[in-house]
Amino acid sequence: MSWDYILTAFIVCVSPGIGVVYTLSMTLGGGLRAGFWAAIGCTVATVVHMAVAMAGLATILHASAVLFQTVKLAGVLYLLWMAWAVLRDRGGMSVAPAVPAPAARIVRRGILLNLLNPKLPLFFMAFIPQFMPQGSGLGLLVQLGAAFSAITLATFLGYALLAASGRDMLLASERAMRWMRRAFALSFAALGLKLALARA
């Protein structure tokens, strides 16, 4: 496994996406503990997508327009619901301080958010082979997948720590919290639009 792969994987993981936005919103709403479980949920989904790609099922997803569109539509609707819930400051999606949601619910929501993005297994099928020399076996494929998942978890936990460190200052300002709510709602809506425009 090369340092090029590790650096490229880190750049991919640190780029703002569904997992990053979800981890940040959960951390601001429920503290570092909630951010930790959000990171776990998003990483579990990454592992599942990686396994799907390795098994070649992404090829089926790519070939079946109906399946791809169905999964994509479900993902778009879920992201728009998340945007509405954050904007309305509802329940587990509130970014205001509150009693944190149960860990299982936070993990489950993180998994669902990321599983409903059908582009991820297709991305892995295009990304990982670039770092596999000709004649490489299954062992290297598993190593690359495990490394990407570990980098994903570490990156999301880093985002959670960053959000937790500035949480008290943000919570002390009602104006900042109002803009934070709008920013997260807009982020989820934008991610939903981006997914809606995605093609297999």
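The residue numbers shown here count from 1 along each chain, following its written sequence. pLDDT decides what is reported in this predicted model: residues at 70 or higher carry local features, side-chain atom pairs at 80 or more are listed and counted, and totals for whole chains, interfaces and linings draw on all residues regardless. The basis for the side-chain values is all heavy atoms of the structure; hydrogens and waters are excluded.

Looking up the chain in an unreviewed UniProt entry gives the name LysE family translocator, with the organism given as Paracoccus subflavus. UniProt positions are given in the numbering used here, feature names are shortened, and annotations may be inferred rather than shown by experiment. Within the UniProt record for the chain, the comment given under Sequence similarities (unreviewed entry) is "Belongs to the Rht family."

## Focus: the overall build of the chain
Helix and strand assignments come from DSSP, with helices taken as H or I runs of at least 4 residues and strands as E runs of at least 2, each series counted from the N terminus. Counting its secondary structure elements, the chain contains 10 helices and zero strands. Listing the helices and strands of the chain from first to last along the sequence gives α-α-α-α-α-α-α-α-α-α. Expressed as a percentage of the 200 residues in the chain, the buried residues total 44%. Summing over all exposed atoms, the chain offers an accessible surface of approximately 10200 Å²; the carbon and sulfur share of this is 70%. Per-residue accessibility, obtained with a 1.4 Å probe over protein chains only, is compared with the maximum for each type, and a residue is labelled buried under 20%, exposed over 50%, and partly exposed between these values. Throughout, the Shrake-Rupley method with a 1.4 Å probe supplies accessible areas, and for residues the shown protein chains are the sole cover considered.

## Observations concerning the packing of aromatic side chains
Two aromatic rings, taken as a pair, are described by how far apart their centres are and by the angle between their planes. A pair of aromatic rings is counted whenever rings of Phe, Tyr or Trp (Trp by its six-membered ring) have centres within 6.5 Å, and the orientation is called stacked for planes under 30 degrees apart, edge-to-face for over 60 and tilted otherwise. Applying the stated rule across the entire model yields one aromatic pair. Ring geometry for Phe 36 and Trp 37: centres 5.0 Å apart, planes at 75 degrees, overall edge-to-face. Accessibility expressed as a relative area gives 34% for Phe 36, which makes it partly exposed.

## Details of the environment of Ser 15
Mapped onto the fold, Ser 15 is located in the loop between α1 (3–14) and α2 (18–30). For the pair formed by Ser 15 and Thr 155, sequence separation is 140 residues and the distance between their alpha carbons is 9.7 Å.

## Points about helix α3 (residues 32–54)
Residue pairs spaced three or four apart in an α-helix point in one direction, given the helix's 3.6 residues per turn. Over its 23 residues, α3 runs 33 Å from end to end, which matches the ideal 33 Å to within 8%, given 1.5 Å per residue. Among the residues of α3, those classed as buried are Ala 34, Gly 35, Ala 38, Ala 39, Gly 41, Cys 42, Thr 43, Ala 45, Thr 46, His 49, Met 50 and Ala 53. In the segment just after α3, Gly 56 is the residue with positive phi, at about 85 degrees. Helix span, expected: 1.5 Å multiplied by one less than the number of residues in the helix.

## Notes on the nonpolar core
The nonpolar core is taken to be a set of buried Ala, Val, Leu, Ile, Met, Phe, Trp, Tyr and Cys residues, with the residues joined through side-chain atoms within 4.5 Å. Formed by 14 residues in total, the largest nonpolar core has its most connected members in Tyr 5, Met 50, Phe 124, Phe 127, Ile 128, Leu 144 and Phe 148. Of all elements in the fold, only α1, α3, α7 (119–127) and α8 (138–165) reach the threshold of two or more residues within this core. Looking at this core element by element, the count peaks at six residues for α8. It only takes one pair of heavy atoms within 4.5 Å for two residues to be counted as in contact. Not counting residues up to four positions away in its chain, the partners in contact with Tyr 5 are Phe 127, Ile 128, Phe 131, Leu 144, Gly 145, Ala 147 and Phe 148. Of all hydrophobic cores here, the second largest spans 13 residues; its members include Ile 18, Ala 38, Ala 39 and Ile 106.

## Let's talk about a nonpolar patch on the surface
Taken together, the side chains of Leu 7, Phe 10 and Ile 11 make up a nonpolar region of the molecular surface, amounting to roughly 290 Å² of accessible area. Within the secondary structure, Ile 11 is located in helix α1. The exposure class assigned to Ile 11 is partly exposed, which follows from its relative accessible area of 46%. Patch definition: residues with relative accessible area over 30% and no salt bridge; like charges joined within 9 Å; nonpolar side chains (Val, Leu, Ile, Met, Phe, Trp, Tyr) joined within 5 Å. A pairing counts as a salt bridge when a side-chain nitrogen of Lys or Arg comes within 4 Å of a carboxyl oxygen of Asp or Glu.

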